[in-house]
Amino acid sequence: MRNFLRLLGISQAECIHCHNPAIEDLFLCKECIQDIKPFHPIEYTHIPYVFSYRVFGKYEGVLKSIVQQIKFSKNPFLARWLGGSIKDHLWEFIEQTNPDIITFPELNLRRFWTRGFNQIEEILKGAEVPYQRVFKRVGFDPPMARLDKKKRIKASQTHTLRKEWIEVLEGKKVLIVDDVLTTGGTISRLCELLLSVGAEQTNAYFLTKEL
Ligand SMILES: [Zn+2]
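Residues numbered from 1 in each chain as written. Predicted model: local features only at pLDDT ≥ 70, side-chain atom pairs only at ≥ 80, totals over all residues.

Caption draft 1: Broad picture of the overall build of the protein chain. When helices and strands are counted, the protein chain shows eight helices and six strands. Overall, the protein chain shows an N-to-C arrangement of helices and strands of α-α-β-α-α-β-α-α-β-α-β-β-α-β. Within the protein chain, the fraction of its 211 residues that count as buried is 31%. The long-range share in the protein chain, meaning contacts at least 24 apart out of those at least 6 apart in sequence, stands at 76%. (Helix = DSSP H or I, 4+ residues; strand = E, 2+ residues; numbered from the N terminus. Buried ≥ 20, exposed ≤ 12 C-beta atoms within 10 Å, placed from the backbone. Contact = placed C-beta atoms within 7 Å.)

Caption draft 2: Summary view of helix H6 (residues 119-126). Across the eight residues that make up H6, a large majority, six, are buried. Here H6 has its buried residues at Gln119, Ile120, Glu122, Ile123, Leu124 and Gly126. Of the surrounding elements, those touching the buried residues of H6 are helix H3 (61-72), helix H4 (76-97), strand S5 (173-181) and strand S6 (201-209). Phi for Glu128, located one or two positions after H6, is positive at around 55 degrees.

Caption draft 3: Inspection of the pairing of S6 at higher detail. For S6, the tally of buried residues reaches eight of nine residues, placing the bulk of the element in the interior. Of the pairings in the sheet, the one linking strand S1 (residues 52-58) to S6 comprises six bridges and is parallel in character. The residue bridging Arg54 from the neighbouring strand is Tyr205, located in S6. (Pairing = 2+ DSSP bridges.)

Caption draft 4: Representation of the packing of H3 against H4 in the model. Where H3 meets H4, the axes come as close as 8 Å, and the angle between the chain directions of the two elements is 145 degrees. Judged by residue contacts, Ile66, Gln69 and Ile70 of H3 engage Leu78, Ala79 and Leu82 from H4. In terms of residue class, the contact of H3 with H4 is made up of five nonpolar, one polar and no charged. (Axes fitted to C-alpha atoms, helices over the stretch in contact; angles between N-to-C directions. Nonpolar A, V, L, I, M, F, W, Y, C, P; charged D, E, K, R; others polar.)

Caption draft 5: Molecular detail of unusual backbone geometry. Phi is positive for Phe27, which is not a glycine, with a value near 70 degrees. Considering the arrangement of structural elements, one finds Phe27 in the loop between helix H1 (2-8) and helix H2 (30-34). The backbone phi angle of Asn98 is positive, close to 50 degrees, even though this residue is not glycine. One can find Asn98 in the loop between H4 and strand S2 (101-103).

Caption draft 6: Broad picture of the sheet that holds S2. Ordered by their spatial adjacency, four strands build an open sheet running S1-S6-S5-S2, and the pairing between neighbours is parallel. The two strands at the open ends of the sheet, each matched to only one other strand, are S1 and S2. For this sheet, the mean angle separating the axes of adjacent strands, direction not counted, is 15 degrees. Summarising the sheet, S2 and S5 pair through three bridges and their orientation is parallel. Bridge assignment links Thr103 to a residue of S5, and that residue is Ile176. With respect to the sheet, H6 is in contact with S5 and S6, its orientation differing from that of S5 by roughly 115 degrees.

Caption draft 7: Broad picture of the nonpolar core. Ranked by size, the top nonpolar core spans 46 residues in total, and within it Ile176 and Val177 carry the most contacts. Of all the secondary structure elements, the ones that give two or more residues to this core are S1, H3, H4, H6, S5, helix H8 (185-196) and S6. The element that contributes the greatest number of residues to this core is H4, accounting for six residues. If you count residues domain by domain, this core takes at least three from each of domain 1 (1-35) and domain 2 (51-209). (Core = buried A, V, L, I, M, F, W, Y, C linked by C-beta atoms within 7 Å. Domains from an automatic or database assignment.)

Caption draft 8: Quick look at the packing of H4 against H6. Following both chains from N to C, one finds H4 and H6 inclined at 45 degrees, their axes separated by 6 Å at the closest point. In terms of axis orientation, H4 runs oblique to H6. For the element pair H4 and H6, the recorded crossing hand is right-handed. Contacts from Pro76, Ala79, Arg80, Trp81, Leu82, Gly83 and Gly84 of H4 reach H6 at Gln119, Glu122, Ile123, Leu124, Lys125 and Gly126. Here the contact of H4 with H6 is built from residues that sort into six nonpolar, four polar and three charged. (Parallel < 35°, antiparallel > 145°, perpendicular 65-115°, else oblique. Left-handed = near helix turned anticlockwise from the far one by under 90°.)

Structure, rendered in structure tokens:
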């Protein structure tokens, strides 16, 4: 019966990372859950327009499996659960940087429609972090993974600020939360946007960093 349900995609009895038996409803086994902890030392390099940032872990192993599962299997529950697991680490950075506004990049409409949720929003809910939606997307663009570096920079320019936030951002400290840090191009562009309308400080928090 269980195998039959699994075939239907209703029951998932295996860990999404190592295929050992998963804890019920969690999609992960006990060992993999224990592997989810902040990784030190992450190599930090300067990102233009970002005052400071933190990364929870490397984009590998269990974390990578989880991030991929959330995106490709459209699993908002796993995103919320993950939010709970990174909660302490994220809140430590929130307390250090003391932001007035916490926000995240928006998905383009096409991706939002196919996925049905924004994974960062679910992670923030899981971590009990209050957030605002400061950005909006303009136009359609292909998934970042398929683009070379030059095109990624161009794609990141498809974000703009929501009109109602332009005046509000003056003098504010803003924290942007994102899932994967790759080139830093997107976060840099978003922070530049915030600073251009008078934000006082821009910080960033990433769930993972690509190697
Ligand atoms: Zn496992």
